[in-house]
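Below are the chains, spelled out letter by letter.
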Amino acid sequence: MLRQSLENIAYVLGALTAGGGTMGYVRTGSVPSVAAGVTVGLLYGIGGYRQQTRQPYGVELALLASVILGGSSIPRAIRLRKPVPTVLSLISIFGLYTFGNAFRAAL
């Protein structure tokens, strides 16, 4: 996979998770939503930036963000069967697949 597309994917996932966390805060006043969303979004963003500037650990940071997002959202999606945790789970699975393959290819 091209490095350009990997960094763009990291930026898009970062914007989605940070935006989603912020929307969760605006709608419900949930501080954990905004904290988790912005933190995971920041990890994706830093990972994308490090990939863009050819610095080490860009893919690894984006993969870490996907692991954190999946670890928190997949169990909730299974338990609650609500749309938001399900969408977050799908985002994390996409990130795990994309950045996991990139990480494996770099070994």
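For the structure itself, look to the data block above.
Each value, and the rule that gives it
Residue numbers run consecutively from 1 along every chain, following the written order of its sequence. Confidence filtering applies because this is a predicted model: local features only for residues at pLDDT of at least 70, side-chain atom pairs given and counted only at 80 or more, and all residues used for totals across whole chains, interfaces and linings. The side-chain values count all of the structure's non-hydrogen atoms but skip hydrogen atoms and water molecules. Each helix corresponds to a stretch of at least 4 residues labelled H or I by DSSP, and each strand to a stretch of at least 2 residues labelled E; elements are numbered beginning at the N terminus. Classification of residues uses two cut-offs on accessible area relative to the type maximum, computed with a 1.4 Å probe and protein chains only: under 20% is buried, over 50% is exposed, and between them is partly exposed. All axes are obtained by fitting lines to C-alpha atoms, using only the stretch in contact for helices, and the reported angles, taken between N-to-C directions, cover 0 to 180 degrees. Working rule for angles: under 35 degrees goes down as roughly parallel, over 145 as roughly antiparallel, 65 to 115 as roughly perpendicular, anything else as oblique. By definition, turning the near helix anticlockwise from the far helix through less than a right angle yields a left-handed crossing, and turning it clockwise yields a right-handed one. Between two residues, a contact is recorded if the distance between any of their heavy atoms is within 4.5 Å.

A. Examining unusual backbone geometry more closely. Despite not being glycine, Y57 shows a phi value in the positive range, around 70°. Tracing the chain through its elements places Y57 in the loop between helix 2 (31–52) and helix 3 (58–80). With a phi angle near 55°, R81 is a residue other than glycine that sits in the positive phi range. The exposure class assigned to R81 is exposed, which follows from its relative accessible area of 71%.

B. Seen up close, the packing of helix 2 against helix 3. Helix 3 packs onto helix 2 with a crossing angle of 160° between their chain directions and a minimal axis gap of 7 Å. Overall, the two elements helix 2 and helix 3 adopt an arrangement that is roughly antiparallel. For the crossing formed where helix 2 meets helix 3, the hand is left-handed. Packed against helix 2, whose contacting residues are V40, L43, Y44, I46, G47, R50 and Q51, the element helix 3 presents G58, V59, L61, A62, L64, A65, S66, I68 and L69 at the interface.

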